[in-house]
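Architecture and fold: a report
Below, each chain spelled out in residue letters.
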Amino acid sequence: MVHALKEVHRILVPQGIMIDVRPLCVDVPLEFVHAGGSESAGLMDLSPDIESDIAADKAVDCVIKESLYHESGLEYFDFVFYWKTLKGMEEHIEENWKAYMVIPEQVRQRARILYHQRRPQTRIRIGWRMKLGIYEKL
Amino acid sequence: MKPIRDPEGAELGHLVAACELDGKVVLEIGCGDGKFTRQYAGMPARLVGIDPELNDLRVAKKRKIRPKPHLFFSQAKGEKLPFPAGSFDIAILASSL
């Protein structure tokens, strides 16, 4: 990771900008959004990939300490996904996010209860917590 | 069934607020199938998306709706960038660090 950040440093012009945008391994709610509001089924477990998350932060810290970059901004936001069906969400997680996300059994059971209430215009929502770091080449 | 992804455009909104893309030479590392790249492809003077996954890059190339002479997709990894020194104004690490 440090090597990649040094490669980016090489290809940037002087005072060029590096943007690091990525999801964080913090647990996020599984929510059922409907016409009357929203309800949480509980927190999704995002711990499986936490070592990569920590390593990425360490790599950024390392190149800042080496005075290759200056951190000029840091922001957080939610990157949201919506599904119409619970099955659709479960399949998507199994196919795409298995290495990053686990549905705890209690959350899965609660989700099924909420889904079968079939409230009007129900959508299932997961919002990944994102970090966007802005770094200027020194 | 595919999910609806970031309907509020939060990622693009934060990127545009973070840096001036208009007229710049931009590299996106980890562009995947170009979903995010296409959202801001009209802004930079030149935009290159790289990813190690060839199948994703093929999708990205196919989905270039209108010919954009300044938009390129190439196979490469962040650890070995096939570009000369000082050739980009902005580099975006898109969930690739």
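Below is a short write-up of the structure. Note that the structure is predicted; figures quoted are calculated from it, not measured.

Parameters and conventions
- Every chain begins its residue count from 1, and numbering advances along the sequence as written.
- To label them, take the chains in the order written and letter them from A, then take the ligands in the order written and number them from 1.
- Reporting of local features is limited, given that this is a predicted model, to residues whose pLDDT is at least 70; pairs of side-chain atoms are given and counted only at 80 or more, and all residues count toward the totals for whole chains, interfaces and linings.
- Based on all heavy atoms of the structure, the side-chain values leave hydrogens and waters out of the count.
- Note on definitions: salt bridges are taken to be side-chain nitrogens of Lys or Arg within 4 Å of carboxyl oxygens of Asp or Glu.
- Strands are runs of DSSP state E lasting at least two residues, helices are runs of H or I lasting at least four, and both sets are numbered from the N terminus onward.
- Only protein chains enter the calculation, and the probe is 1.4 Å; a residue is then buried if its accessible area is under 20% of its type maximum, exposed if over 50%, and partly exposed in between.
- Contact criterion: two residues are considered in contact whenever any of their non-hydrogen atoms come within 4.5 Å of each other.
- Think of a polar contact as two N or O atoms within 3.5 Å of one another; within protein, one of them needs to be a possible hydrogen donor and the other a possible acceptor, and neighboring residues in sequence only count if both atoms come from side chains.
- Each residue gets one label: Ala, Val, Leu, Ile, Met, Phe, Trp, Tyr, Cys and Pro are nonpolar, Asp, Glu, Lys and Arg are charged, and the others, such as Gly, are polar.
- For two strands to pair, DSSP has to find at least two bridges joining them.
- Note on ring pairs: Phe, Tyr and Trp rings are taken, using the six-membered ring of Trp, and paired if centres are within 6.5 Å. Classes follow the plane angle, with under 30 degrees stacked, over 60 edge-to-face and the rest tilted.
- In this analysis, the protein atoms alone were mapped onto a 1 Å grid. Cavities are point sets where a 1.4 Å probe fits without being able to get out; pockets are open sets with protein on both sides within 12 Å along at least five of seven lines; lining residues have an atom within 4 Å of a point.
- Grid points are joined across faces, edges and corners, and a volume is the space filled by probe spheres set on the points.
- Expected helix span is taken as 1.5 Å per residue step, with the number of steps being one fewer than the number of residues.
- Starting at the helix axis, one direction is taken to each C-beta atom, and the arc is that of these directions.

1. Regarding the pattern of salt bridges
Residues and elements named next belong to chain A. Evaluated as defined, the whole model comprises 17 salt bridges over all chains. Residues glutamate 39 and arginine 119 are paired through a salt bridge, measuring 2.8 Å at the closest nitrogen-oxygen approach. Of this pair, glutamate 39 sits in strand β3 (residues 37–44) while arginine 119 sits in the loop between α4 (105–116) and β5 (123–137), placing them 80 residues apart in sequence. The class for glutamate 39 is partly exposed, based on a relative accessible area of 27%. Between glutamate 90 and arginine 112 there is a salt bridge, with the nearest N and O atoms lying 3.7 Å from each other. A residue pair is termed long-range when its members are at least 10 positions apart, and glutamate 90 in helix α3 (residues 86–97) and arginine 112 in helix α4 qualify at 22 residues. On the basis of relative accessibility, which here comes to 36%, the residue arginine 112 falls in the partly exposed class. Counted as one network, the salt bridges with shared partners bring together Asp20, Arg22, Asp53, Asp57 and Lys131.

2. A short note on the interface of chain A and chain B
Contact with chain A, which involves 37 residues of that partner, is made by 33 residues of chain B. Put simply, chain A and chain B have 0 salt bridges between them. At the boundary of chain A and chain B, one finds 17 residue pairs in polar contact (both at pLDDT 80 or more). Contributions of two or more residues to the side of chain A that touches chain B are made by α1 (2–11), β1 (12–23), α2 (50–65), β4 (69–83), α3 and β5 of chain A. In terms of residue count, the dominant contributor to the side of chain A that touches chain B is β1 of chain A (10 residues). Class assignment for the residues of the side of chain A that touches chain B results in 24 nonpolar, 5 polar and 8 charged. As defined by bridge partners, β1 of chain A adjoins strand β5 (residues 88–94) of chain B across 6 bridges and the pair is classed as parallel.

3. Points about the packing of aromatic side chains
Each aromatic ring pair is described using two quantities: the centre-to-centre distance and the angle formed by the ring planes. Residue and element names in this part refer to chain B. Applying the stated criterion across every chain yields a total of 7 aromatic pairs over all chains. Ring plane angle 80° and centroid distance 5.0 Å describe the contact between phenylalanine 83 and phenylalanine 88, whose orientation is recorded as edge-to-face. No difference in accessibility class separates phenylalanine 83 from phenylalanine 88, as the two residues are buried.

4. Some details on the layout of surface pockets
Computed from the structure, the largest pocket encloses a volume of approximately 1,600 Å³. Together, 50 residues line the largest pocket, and Trp97 and Tyr100 of chain A together with Arg5, Ala94 and Ser95 of chain B are the ones closest to its centre. For the lining of the largest pocket, the element with the highest residue contribution is α3 of chain A, accounting for 6 residues. Among the residues making up the lining of the largest pocket, the classes are represented as 24 nonpolar, 9 polar and 17 charged.

5. Observations concerning the environment of histidine 34 of chain A
Residue and element names in this part refer to chain A. As for its position among the elements, histidine 34 is in strand β2 (residues 28–34). Taking C-alpha positions, histidine 34 is 45 Å from isoleucine 64, a pair spaced 30 residues apart along the chain. Excluding residues that lie within four positions of it along the chain, histidine 34 makes contacts with Arg119, Pro120, Gln121 and Thr122.

6. Remarks on α4 of chain A
All names here are of chain A. Compared with an ideal rise of 1.5 Å per residue, which puts 12 residues at 16 Å, α4 spans 17 Å between its outermost C-alpha atoms and is within 8% of the ideal. Those residues of α4 that fall on the buried side of the exposure criterion are Val107, Ala111, Leu114 and Tyr115. One face of α4 carries all of its buried residues, which in axial projection span an arc of 95°. Opposite the buried face of α4, by more than 90 degrees, sit the exposed residues Gln106 and His116. Buried residues along α4 sit against β2, β3, α3 and β5. Just past α4, the residue arginine 118 takes up positive phi, approximately 45°.

7. Notes on the side chain of histidine 92 of chain A
Turning to its location among the elements, histidine 92 of chain A is positioned in helix α3. For histidine 92 of chain A, a relative accessible area of 14% corresponds to the buried category. What histidine 92 of chain A contacts, discounting residues up to four positions off in sequence, is Trp83 and Trp97 of chain A together with Pro3 of chain B.

The analysis is restricted to geometry; functional conclusions fall outside its scope.
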